[in-house]
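Observations on the model geometry
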Amino acid sequence: KPGDDFFTYANGIWYDTARIPASQSGVGSYSFMNYPQRIRLQGILDRLATTTNRPGSIEQQVGDFYTAGLDTAAINRRRYDPIKPLLARIDALTDGASLLRVVADEQQAGNRSIIGFYVGPDNKQSTINIAQFAQTGIGLPERDYYFKTDSSTRLIQQAYRTYLIRLFELIGTEPATARKNATVVYAIEKQLATAHRTNIERRDVQANYNKVAVTTLARKQPALRWGALLTDLGVRADSVNVAQPAYYDQLNTLLTAVSIPDWRVYLTARSLINYSNFLSQPFVDASFAYTQTLTGQAVKKTRAEDITQAVDGSLGDALAQLYVKKYFPEAARKRMAVLVDNLKKAFEARINNLDWMSDSTKTRAKEKLYAFTQKIGYPDVW
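First things first, this report covers the structure right here in the doc.

Conventions we followed
- Residues numbered from 1 in each chain as written.
- Predicted model: local features only at pLDDT ≥ 70, side-chain atom pairs only at ≥ 80, totals over all residues.
- Heavy atoms only, no water.
- Helix = DSSP H or I, 4+ residues; strand = E, 2+ residues; numbered from the N terminus.
- Buried < 20%, exposed > 50% of the residue type's maximum accessible area, 1.4 Å probe, protein only.
- Pairing = 2+ DSSP bridges.
- Axes fitted to C-alpha atoms, helices over the stretch in contact; angles between N-to-C directions.
- Contact = heavy atoms within 4.5 Å.
- 1 Å grid on protein atoms, 1.4 Å probe; cavity = no way out; pocket = protein on both sides within 12 Å on 5 of 7 lines; lining within 4 Å.
- Points joined across faces, edges and corners; volume = space filled by probe spheres on them.
- Nonpolar A, V, L, I, M, F, W, Y, C, P; charged D, E, K, R; others polar.
- Salt bridge = Lys/Arg side-chain N within 4 Å of Asp/Glu carboxyl O.
- Core = buried A, V, L, I, M, F, W, Y, C linked by side-chain atoms within 4.5 Å.
- Parallel < 35°, antiparallel > 145°, perpendicular 65-115°, else oblique.
- Expected span 1.5 Å × (residues − 1).
- Phe/Tyr/Trp six-rings, centres within 6.5 Å; stacked < 30°, edge-to-face > 60°.
- Lys NZ or Arg CZ within 6 Å of the ring centre and 35° of its normal.

1. Thoughts on the environment of Asp16
- Within the secondary structure, Asp16 is located in helix α1 (residues 6–17).
- Judged by its relative accessible area of 57%, Asp16 is exposed.
- Spatially, the C-alpha atoms of Asp16 and Phe133 are 41 Å apart, while their sequence positions differ by 117 residues.

2. What to know about unusual backbone geometry
- The backbone of Arg79 sits at a positive phi, close to 50°, despite the residue not being glycine.
- For Arg79, the location among the structural elements is in the loop between α4 (72–78) and α5 (84–91).
- Among the residues examined, Arg79 registers a relative accessible area of 42% and is labelled partly exposed.
- Not every positive phi belongs to a glycine, and Arg225 is a case in point at roughly 50°.
- Mapped onto the fold, Arg225 is located in the loop between α9 (214–220) and α10 (226–232).
- Assessed through its relative accessible area of 38%, Arg225 is described here as partly exposed.

3. Remarks on the sheet that holds strand β1 (residues 116–122)
- Spatially, four strands are ordered β1-β2-β4-β3 in an open sheet, and the strand pairing comes out mixed. Looking along the sheet, the strands with just one partner apiece sit at the ends: β1 and β3 (211–213). Mean inter-strand twist for the sheet, computed between neighbouring axes without regard to direction, equals 40°.
- Relative to strand β4 (residues 239–242), β3 is paired through three bridges, and the arrangement is antiparallel. Across the sheet, residue Lys211 finds its bridge partner in β4, namely Asn241.
- Contacts from helix α11 (residues 245–257) reach β1, β2 (125–134) and β4, with the element oriented near 35° to β2.

4. Observations regarding the layout of surface pockets
- Put simply, the largest pocket is a space of about 1500 Å³.
- In terms of lining, the largest pocket is formed by 44 residues, of which the most central are Ile273, Asn274, Ser276, Asn277 and Phe278.
- Ranked by the residues each element gives to the lining of the largest pocket, the list is headed by helix α14 (residues 303–314), at seven residues.
- When grouped by side-chain class, the residues that make up the lining of the largest pocket number 22 nonpolar, 14 polar and eight charged.
- The space that makes up the second largest pocket amounts to roughly 310 Å³.
- Breaking the lining of the second largest pocket down by element, the ones donating at least two residues are α2 (29–49) and α15 (316–327).
- Among the residues making up the lining of the second largest pocket, the classes are represented as nine nonpolar, four polar and three charged.

5. Thoughts on the pairing of β4
- Relative to β4, β2 is paired through two bridges, and the arrangement is parallel. Bridge pairing in β4 links Gln132 to Asn241.

6. A word on the pattern of salt bridges
- Per the stated rule, a full pass over the model turns up eleven salt bridges.
- Taking the shortest distance from any N to any O, the salt bridge between Asp144 and Arg143 comes out at 3.0 Å.
- Looking at Arg143, the relative accessible area reads 17%, which means it is buried.

7. Thoughts on the nonpolar core
- If you look at the biggest cluster of nonpolar residues, it comprises 67 residues, and the most contacted ones within it are Leu99, Ile114, Ile115, Leu251 and Trp263.
- Setting aside residues no more than four positions away along its own chain, Leu251 makes contact with Ile114, Ile115, Leu192, Leu224 and Trp263.

8. Observations regarding the packing of helix α6 (residues 96–108) against helix α12 (residues 260–275)
- Axis separation between α6 and α12 bottoms out at 11 Å; the angle between their running directions is 10°. Classified by the angle their axes make, α6 and α12 are roughly parallel. Taking contact as the criterion, the partners of Gly96, Leu99, Val103 and Glu106 in α6 are, on α12, Ile260, Trp263, Leu267 and Tyr275.
- Among the residues making up the contact of α6 with α12, the classes are represented as six nonpolar, one polar and one charged.

9. What to know about helix α7 (residues 151–170)
- End to end, α7 covers 29 Å across 20 residues, agreeing with the expected 28 Å (1.5 Å per residue, within 8%).
- Turning to α7, its buried residues are Thr153, Ile156, Gln157, Ala159, Tyr160, Tyr163, Leu164, Ile165, Leu167, Phe168 and Leu170.
- Along its buried surface, α7 packs onto α8 (175–193), α12 and α13 (281–295).

10. Considering the pairing of β2
- Relative to β2, β1 runs antiparallel, the two sharing seven bridges. Bridge pairing in β2 links Asp122 to Gln125.
- Counted between consecutive antiparallel strands, the loop separating β1 from β2 contains two residues.

11. Looking at α15
- Here α15 spans 16 Å end to end across twelve residues, near enough to the 16 Å set by a 1.5 Å rise per residue.
- Residues Ala318, Leu319, Leu322, Tyr323 and Val324 constitute the buried set of α15.

12. What about the packing of aromatic side chains?
- According to the stated counting rule, one finds 16 aromatic pairs in the structure shown.
- Summarising the aromatic geometry, the rings of Tyr247 and Tyr248 are spaced 4.8 Å apart at their centres and angled 90° between planes, so their arrangement reads as edge-to-face. Taken individually, Tyr247 and Tyr248 each receive the classification buried, so the pair is uniform in this respect.
- For the pair Tyr323 and Tyr327, a centre-to-centre distance of 5.1 Å together with 40° between the ring planes defines the contact as tilted. Within this pair, Tyr323 and its partner Tyr327 are both found in helix α15, separated by four residues, close to a single helical turn.
- Through successive ring pairs, a cluster of aromatic residues spans Phe117, Phe133, Trp226, Tyr247 and Tyr248.
- Here the basic side chain of Lys84 rests over the ring of Tyr80, its NZ or CZ set 5.0 Å away from the ring centre.
- A cation over a ring is seen here: Arg333 above Tyr378, with NZ or CZ 4.2 Å from the ring centre.

Everything listed is a geometric property; what it means functionally is a separate question.
See the structure below:
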């Protein structure tokens, strides 16, 4: 009966009969819509991989990326050679300043460690983008995984530790040292996690808006060297939003409380995790073994699926241009624009006919209605 359990009343049949594909960790309405698109993207890339493409063209860029990612024979021969220069740079760290330079450089390459930097709309002035910093630094999905003691969480904690140990062993670390290193990494992450907001706390939009002057941050958190950090990130700003300030307070403390040798171990682990799926097969297998325990995913995605996702993540606009050229012509975009315009007109008619809204409020409501920015299919400027 709907009055007894509305969720089961509305969703029960689907909930009892839906099956998660073996290569996925979940299923839902979005995945039903999204998966055919991913197959289409892979089809575009498969065609480009067997075509001679004009040098310098979008087709050549994404085709070469995809082909390189599928060349597992070459990737396996190289083992972890591609990141040896990064690991050597980490091994050479001597102080907090050099540590933060490596962190900033990797952040710019899309690999987070202790700094969660991004650019996004100012929540109180959405027409502009601002520099923003969020909590990060942990390897488990969120803070509570470090503090729960139930059996399923303990299983995930152990799987993560095993993953860390295996990664260190794969770069030639002796087993005993690998175990010690994993303990160091986990301990640092747990200390960072103590300052993380919970998922529920992060729902508070107001609490996540803390726009502050860089000069204030520099005085309050000197170990973070905010001026140099922003420069190394390629950012010019006199103020930034620090979404979860307690995290950066804790990081400021740990940058001096944790020894540089331990930070070297931590950054080595973060680098191995960030790149494990793009290194040789043993690294890929270690990553998936942890993923299986964490998500229940039964089998690994095909290499083609993984590399399609990698191309989409790194050359998204380029691949998207090829996608819309094939599947979303200009006529379809114009049709959707008409639909959205008609929707606005329908909303305006509803507003005009409301008997509980004053004329002045209706005027403001319509101003808001027509202030929406329409984003249909793809940008006007790639």
